[in-house]
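# Observations on the three-dimensional arrangement
Next come the chains, spelled out residue by residue.
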Amino acid sequence: MNYTKQIQDIAGRLFSEEKIDVFIGYRNTGFDENQVPVLINQYKDVDQLLFTDKSVFNLANYLKYEHTRNKRVGLVVKGCDSRALNLMLTENQVKREKLFIVGIACEGVVDETGGKAQNCVECVMPDAVVFDEMLGTPSGKRDYQENSDIRALDGKSLTGRQEYFEEVFENCIRCNACRHSCPLCYCSNCCIDQETATLYHGANTTSSAFHALMTWSLHLAGRCVDCRNCEKACPSHLPLHLLHKQNEKVIYENFQEHLAGMIQDDRGAFYKYSLSDPDDFIM
Amino acid sequence: MARVGVFVCFCGANIADFVDVPAVVEEAKKIKEVKYAIDYKYMCSDPGQGMIRDAIVAHRLTSIVVAACSPRMHEKTFRKALSDAGMNPYLLEVANIREHSSWVHQKDKKAATEKSSDLIRMAVAKSMANEQLHEISVPVTKRALVIGGGIAGIQAALDIADARIPVVLVEKSPSIGGKMAQLDETFPTLDCSQCILTPKMVDVASHPYIELLPYSEVLELDGYVGNYKVKIKRKASYVNFDTCTGCGACWQKCPVKVPNEFNMGIDKRKAIYSPFPQAVPNKPVIDAEHCTMLIKGKCGICAKVCEKGSIDYTMQDEIIEREIGAVVVATGYDLWDPKPYEEYGVGRYKDIITSLEFERMVSASGPTGGVPVRPSDGKIPKSVVFIKCVGSRDEAKGIEYCSKICCMYTAKHAMLLHHKVHDSHAYIFYMDIRAAGKGYEEFVKRAQVETAATYLRGRVSKIYKKGDKLMVRGEDAQIGQVVEVEADLVVLATAVYPYKDNSDLARLLGISYDKYGFLSEAHPKLRPVETAKAGIFLAGCTQAPKDIPETVAQASATAAKVCGLFAGDTMLKDPMVSTVNTDYCTGCQNCVTVCPYQAIITEEIPLGHGSKEIRTVAKINEGVCQGCGSCVAICRSMAIDLAGFTDMQIINEIVSI
Ligand SMILES: Cc1cc2nc3c(=O)[nH]c(=O)nc-3n(C[C@H](O)[C@H](O)[C@H](O)COP(=O)(O)OP(=O)(O)OC[C@H]3O[C@@H](n4cnc5c(N)ncnc54)[C@H](O)[C@@H]3O)c2cc1C
Ligand code: SF4
Ligand code: SF4
Ligand code: SF4
Ligand code: SF4
Ligand code: SF4
Ligand code: SF4
């Protein structure tokens, strides 16, 4: 998968036609094989852009910051990224007419070992669902499959799972990188930071991390698109996808096979009421 | 410094038997902020409230916790005690140690006692973040909307209008009157239905405070109690009501014949018609589905014969908007379709009719001139079988409930039959005779004696045809045998059932309904005419089966409610409403989506101080907000707080135990 040339061409064209103010893409780190996101502001920088299976990050995240706010933005989105973008559009965080979206028919990106990333193996929708121009050949929606780590966890006893998660949460240093890297965590005053939210207070105790991460994951329930931007950002390497994939599974199974961000104007299971919603878990 | 007073109620034995009340008081005294704690047998009694009032003054209390029954019961009582003592009534917290503790933990006094103490601890902690709140005053539009012009709607409209409050009465059919206009004589006094109804209908038409909108339907209702906006569709009648005199030349000459709904399809009406001679308004409408002029552009006779030139084939539906403050829903009932009773041959045998068809036949102004006849051959029936509870009280085929009026009107029908066909005999299959009501039992007795009708207790299992007779086979439970009755005519007392579109109307109004489509009252005993939505009331059979006396009583009750609501120029409303902290709001509009009362809109504010760029945030109309808390729960960034249940108050509660 290499769309470097096409993306450089598109970005160049958009700048020369004065259709955008910023282009969000990927470039080399300059010191290793990996790539980092880059915000290009002028025509002459477009040759920095590239796109390969190392273009792992979700660029929709950069739409929530000052640099892009109220500007005309071009950006590249893979399938998962585009679903997050769809939700940002639905939740009125960006205006469609200000965007030029380069959609990718994605073939999967790599993880740190160089193999195909787990979320890409399990990916339900590799093609961008919202775009102005599409690169690659769309392969269509795939069947939902349960995450293999969740299956393994489900095998554990309740106390076994509790012990496991206590151990996991112990490593959190409350840096909030997970939140900052998630395109759907766009709140300027996140609940976790608020004065009243004493449950999350306490610099980095297991309990405060537990409450903060649980709340965070619930705020993404029915919205998380499994791009794993958060997990990539976490300096302590917490397996954050476990929280999200568990939520995703429960929602998929109980709310008419709902998957986040697939269509516009769909706010997700928690944000709409339908007469066919299950209520057997309500006492 | 906070000075909290805790008042623990015995509730007679209700709490004291299962909770160690003195121990709870001692435990409360240990809480730092609690400066005074005491128990009493009945806190809600006058002396109990007196204790609260006195302690507030004597101990300079700054907030009050009453540990007693559910706040639904007595929160208002205790708030009043606070304000009587000069304290803001919203500084009260109720710890529900009855429903939430003593009643549910009757087997474990120790645990119930501990839980009661916990509940008090939480209430005290919550009260630390309590603020003085003030009732919100909202202006009221003193005009009422009545939907449905049956006897319920007519009575409600007249009573409200007599109090000089303008009423908009919306009726979907061409005339008001409802089912009562179709009845002959009415139980329990056998007075003529039309004779007592028509004067009221005329009063409606001539009342200076009533705007009658016949042939109309409600499309939309926006707003909130005291300040609703309603959109009404006035269907095109193709007749200019201002010039039409109701002379009838048009419908006499119209060549198109259509089954007459008012007479249950027994005879025909024309395509231009007025449903019955006493109709109000007494002006015809053109039935667009059948008029050949409107369908194919051929005919035009009515326009030719109308001397006033009132016919207008180009007339369009009209949308009417009105501002109103309250709504009375009086959309009545339909009859349940007995199709599932296949074994009766419903639909196959012409001589099986419904009670309302019988009612039309015996009516002096009805299609058969007041005598019952067999639809098959027009002969006068001598042997008539009445079957009660068709659909009612039949979980398997019909519905669970009792339709309430069928026992009475079937006794009436036996009498009417006896009066009209002297040598006839009535057989009545019944499950029970339910005749609770003033003069009702006496009426049934009278019917039994006068008519000598044969009452057979049991359900009918089969009806089949033998020659030109119908054989009705059923059980007579009193003799434990199967009986067969030879009948000329069979009358089914089919269940009272809501109109199919009643639930659509409910959704449009934002009120709830039961599984059948009857509209739901706010409380079955204590608020039987209110709905859960403030300012919307229920009258008549739209809520449940009722006879005329009950319908009229409920209709007048709604009028009292409307008048009460409109007593002042403004209305006071609970201050428990939500507000948005725009600094925290992201503009995601999830709250807008979830608010069940459409209380939330969006507004545009500057991006930052003095900024020219704008951003969109949520804004809550405190007049509409009912304080349900849905938006608070859905808002991820905690931008919404509900007065009386702020995040701080709830968190205080959680951390206190
Ligand atoms: C066979 C029979 C005999 C009866 N005999 C007696 C008797 O002898 N004595 C007695 O006390 N009771 C009797 N009743 C009961 C009596 O008919 C009812 O109690 C009474 O009619 C109820 O009045 P209502 O106004 O609630 O409903 P209705 O009479 O049904 O009036 C409802 C009105 O609302 C209108 N409407 C419906 N939906 C809408 C809408 N969406 N928008 C606008 N308008 C709408 C309808 O067109 C109708 O005009 C009898 C009933 C039956 C079936
Ligand atoms: S999850 Fe799907 S869309 Fe996202 S990078 Fe992997 S394969 Fe591509
Ligand atoms: S965790 Fe919740 S409140 Fe915080 S930024 Fe994410 S969505 Fe917003
Ligand atoms: S929670 Fe993590 S995986 Fe989910 S959308 Fe946000 S960044 Fe992506
Ligand atoms: S990024 Fe990792 S360490 Fe930082 S807050 Fe999130 S989970 Fe904790
Ligand atoms: S849910 Fe919260 S953040 Fe979203 S619009 Fe409403 S108040 Fe604002
Ligand atoms: S509390 Fe919120 S959701 Fe409930 S009625 Fe008020 S504004 Fe609507």
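This structure is a prediction, so every number in the text was calculated from the model and none was measured.

Before going further, it helps to examine the pairing of strand S30 (residues 570–573) of chain B. All names here are of chain B. Alternating residues of S30 divide into Met571 and Lys573, all buried, and Thr570 and Leu572, none buried. In terms of strand pairing, strand S5 (residues 136–139) meets S30 through 4 bridges, oriented antiparallel. Looking across to S30, one finds that Pro139 is bridged to Thr570.

With that settled, the discussion passes to the interface of chain B and chain A. Every contact between the two is made by 19 residues of chain B and, on the other side, 19 residues of chain A. Taken over both partners, the interface formed by chain B and chain A buries close to 1800 Å², and the fraction arising from carbon and sulfur atoms is 53%. Inspection of the chain B/chain A interface yields 12 residue pairs in polar contact (both at pLDDT 80 or more). Of all elements in the fold, only helix H17 (590–594) and helix H19 (647–655) of chain B reach the threshold of two or more residues within the side of chain B that touches chain A. Residue composition of the side of chain B that touches chain A, grouped by class: 9 nonpolar, 6 polar and 4 charged.

Turning next to the domain arrangement of chain A. Residue and element names in this part refer to chain A. Partitioning chain A into domains gives domain 1 (4–135) and domain 2 (148–254). The distance between the C-alpha centroids of domain 1 and domain 2 comes to 25 Å. Listed by partner, the interface residues are 18 residues for domain 1 and 19 residues for domain 2. Here domain 1 meets domain 2 over a buried area of about 1600 Å², counting both sides, of which 48% is carbon and sulfur. Looking only at domain 1, the three residues that lose the most surface to domain 2 are Lys64, Gln118 and Asn119, adding up to 29% of its buried area. Joining domain 1 to domain 2, the criterion identifies 1 salt bridge. The residue Glu91 makes a salt bridge to Arg223 at a minimum N-O spacing of 2.7 Å.

Now for the packing of aromatic side chains. One pass over the structure, following the stated rule, counts 16 aromatic pairs over all chains. Geometrically, the ring pair formed by Tyr497(B) and Tyr516(B) is edge-to-face, given 6.3 Å between the ring centres and 70 degrees between the ring planes. With Tyr497(B) in strand S28 (residues 496–497) and Tyr516(B) in the loop between helix H15 (502–509) and strand S29 (536–538), this residue pair connects regions lying 19 residues apart in the sequence. The partly exposed category is assigned to Tyr497(B), whose relative accessible area is 23%. By way of ring pairs, the aromatic residues Tyr164(A), Phe165(A), Phe169(A) and Phe210(A) are connected into one cluster. Of note, Arg269(B) hangs over the ring of Tyr273(B), and the distance from its end group to the ring centre comes to 3.7 Å. Lying across the ring of Tyr349(B), Arg348(B) places its NZ or CZ 5.3 Å from the centre.

This paragraph deals with the site of ligand 2. Residues and elements named next belong to chain A. Close to ligand 2 lie Lys78, Gly79, Cys80, Cys106, Gly108, Val109, Asn119, Cys120, Cys123 and Pro126, which account for all nearby residues. Under a 2 Å grid-point criterion requiring more than half of the atoms, the pocket assigned to ligand 2 is the largest cavity. Here the shell around ligand 2 is composed, by residue class, of 6 nonpolar, 3 polar and 1 charged.

Residue and element names in this part refer to chain A. In spatial order, the strands read S2-S1-S3-S4-S5; together these 5 strands make up an open sheet with mixed pairing. Single-partner strands in this sheet number two, and they are strand S2 (35–40) and strand S5 (133–135). On average, adjacent strands in this sheet sit at an angle of 30 degrees to one another, irrespective of strand direction. Looking at chain direction, strand S3 (residues 73–77) and strand S4 (residues 99–104) are connected through 5 bridges and run parallel. Looking at S4, one finds that Val77 is bridged to Gly103. Along the sheet face, helix H1 (residues 4–16) touches strand S1 (22–28), S2, S3, S4 and S5 and points at about 170 degrees away from the line of S4. Set on the sheet, helix H2 (residues 79–90) makes contact with S1, S3 and S4; between it and S3 the angle comes to about 135 degrees.

Any empty space left between atoms is shown by rolling a water-sized probe over those atoms. Residues and elements named next belong to chain A. The final tally for this structure, using the stated rule, is 12 cavities of 30 Å³ or more. There is about 250 Å³ of room inside the largest cavity. Along the walls of the largest cavity sit 27 residues, with Cys80, Asn119, Cys120, Cys123 and Asp226 positioned nearest its centre. If you list the elements that add at least two residues to the lining of the largest cavity, you get H2, helix H3 (118–121) and helix H9 (241–254). Element by element, the count of residues in the lining of the largest cavity is highest for H2, at 3 residues.

Right, let's talk about unusual backbone geometry for a bit. Following Phe187(B), the chain continues to Pro188(B) via a peptide bond in cis, the omega torsion being -5 degrees. You can see Pro188(B) is positioned in the loop between strand S8 (185–186) and strand S9 (191–192). Of note, the amide linkage connecting Val280(B) to Pro281(B) takes the cis form, showing an omega dihedral of 0 degrees. One can find Pro281(B) in the loop between strand S15 (272–273) and strand S16 (285–286). For Arg228(A), which is not glycine, the phi torsion reads 65 degrees and is therefore positive. By the secondary structure assignment, Arg228(A) is in the loop between helix H7 (206–219) and helix H8 (229–233).

Residues and elements named next belong to chain B. Looking at ligand 1, there are 36 residues lining it, with Glu171, Tyr333, Lys412, Lys546 and Ile548 nearest. One of the backbone nitrogen or oxygen atoms of Lys172 is found 3.2 Å away from a nitrogen atom of ligand 1. In the environment of ligand 1, an oxygen atom lies 3.5 Å from a nitrogen or oxygen atom belonging to the backbone of Asp547. Taking 1000 Å² as the accessible area of ligand 1 by itself, protein coverage stands at 97%. Within the residue set of the shell around ligand 1, elements represented by two or more residues are helix H7 (151–162), S8, helix H12 (355–362), helix H13 (406–420) and helix H16 (548–565). Grouping the amino acids of the shell around ligand 1 by side-chain chemistry returns 17 nonpolar, 11 polar and 8 charged.

Glancing now at the pattern of salt bridges. Scanning the entire structure with this criterion turns up 53 salt bridges over all chains. We note a salt bridge from Glu91(A) to Arg636(B), for which the minimum N-O separation is 3.3 Å. With Glu91(A) in the loop between H2 and S4 and Arg636(B) in the loop between helix H18 (630–634) and strand S34 (640–642), this pair bridges two chains. You'll find Glu91(A) and Arg636(B) in the same group, each marked buried. Here Glu359(B) and Lys412(B) are joined by a salt bridge, their closest N and O atoms 2.9 Å apart. A residue pair is termed long-range when its members are at least 10 positions apart, and Glu359(B) in helix H12 and Lys412(B) in helix H13 qualify at 53 residues. Accessibility assignment for this pair places Glu359(B) and Lys412(B) in one class, buried. What emerges from the salt-bridge pattern is a single network uniting Asp226(A), Arg228(A), Lys245(A) and Glu248(A).

So, on to the confidence of the model for chain B. For residues with low pLDDT, the predicted coordinates do not support detailed interpretation. Of all residues in chain B, 100% attain a pLDDT of 70 or more, and the chain-wide mean is 95. In the predicted assembly, ipTM is 0.92 and pTM is 0.71.

This part covers the sheet that holds strand S17 (residues 318–324) of chain B. Paired through their backbone hydrogen bonds, the strands of a sheet run either parallel or antiparallel. Residue and element names in this part refer to chain B. One open sheet accounts for 3 strands, arranged S11-S12-S17; its pairing is antiparallel. Edge strands, defined here as strands with exactly one partner in the open sheet, are strand S11 (216–224) and S17. Adjacent strand axes in the sheet meet at a mean angle of 20 degrees when their direction is disregarded. With 7 bridges joining them, strand S12 (residues 227–234) and S17 adopt antiparallel strand pairing. By the bridge assignment for S17, Lys233 is matched with Ile319.

Here we take up helix H5 (residues 158–170) of chain A. Residues and elements named next belong to chain A. The terminal C-alpha atoms of H5, which comprises 13 residues, lie 18 Å apart, in line with the 18 Å expected from a rise of 1.5 Å per residue. Turning to H5, its buried residues are Gly160, Phe165, Val168 and Phe169. Buried residues of H5, seen end-on, are gathered within an arc of 160 degrees and therefore sit on one face of the element. Looking at H5, the residues exposed on the side facing more than 90 degrees away from the buried face are Glu163, Glu167 and Glu170. Residues of H5 that are buried make contact with helix H4 (148–154), H7 and H9.

About the thresholds
Numbering of residues starts from 1 in each chain and follows the order in which that chain's sequence is written. Whichever chain is written first is A, and whichever ligand is written first is 1; the rest continue in order. Residues qualify for local features only when their pLDDT is at least 70, as the model is predicted, and side-chain atom pairs are given and counted only at 80 or more; totals for whole chains, interfaces and linings, by contrast, use all residues. Side-chain metrics rest on all non-hydrogen atoms present in the structure, leaving aside hydrogens and water. Exposure is judged per residue with a 1.4 Å probe applied to protein chains only, and the accessible area is read against the type maximum: over 50% gives exposed, under 20% gives buried, and values in between give partly exposed. To qualify as a helix, a DSSP run of H or I must reach at least 4 residues; to qualify as a strand, a run of E must reach at least 2; elements of each kind are numbered from the N terminus. Two strands form a pair only when DSSP identifies at least two bridges running between them. Only heavy atoms matter for contacts: two residues are in contact if any of them lie within 4.5 Å across the pair. A quick way to say it: buried area is the sum, across both parts, of accessible area lost when two parts are put together, with a 1.4 Å probe. Polar contact is defined as a pair of N or O atoms within 3.5 Å, subject to the rule that within protein one atom must be able to donate a hydrogen and the other to accept it, and that residues adjacent in sequence are counted only when both atoms are side-chain atoms. Classification convention: Asp, Glu, Lys, Arg as charged; Ala, Val, Leu, Ile, Met, Phe, Trp, Tyr, Cys, Pro as nonpolar; all other residues, Gly among them, as polar. Segmentation of the chain into domains, including their bounds, is taken from an automatic or database domain assignment. By convention in these notes, a salt bridge is any Lys or Arg side-chain nitrogen within 4 Å of a carboxyl oxygen on Asp or Glu. Note on aromatic contacts: the rings of Phe and Tyr and the six-membered ring of Trp form a pair at centre separations within 6.5 Å, being stacked when their planes are under 30 degrees apart, edge-to-face when over 60 apart, and tilted otherwise. Ring-over charges, as used throughout, are those where CZ of Arg or NZ of Lys falls within 6 Å of the ring centre and within 35 degrees of the ring normal. Throughout, near means a residue has at least one heavy atom within 4 Å of the molecule or strand. Whether a set of points on the 1 Å grid over the protein atoms alone is a cavity depends on a 1.4 Å probe fitting there but being unable to get out, while an open set qualifies as a pocket with protein on both sides within 12 Å along at least five of seven lines; lining residues are those with an atom within 4 Å of a point. Being in a pocket or cavity means that more than half of the molecule's atoms lie within 2 Å of its grid points. To obtain each axis, a line is fitted to C-alpha atoms, and for helices this fit is confined to the stretch in contact; angles are then taken between N-to-C directions over 0 to 180 degrees. Grid points are joined across faces, edges and corners, and a volume is the space filled by probe spheres set on the points. Methods summary: accessible areas were calculated by the Shrake-Rupley approach with a probe of 1.4 Å, and residue burial reflects only the protein chains presented. As a per-residue measure, pLDDT reflects the predictor's confidence and takes values from 0 up to 100. Any helix carries an expected span of 1.5 Å times its number of residues minus one. Summarising the geometry, the arc corresponds to the directions from the helix axis toward the C-beta atoms.

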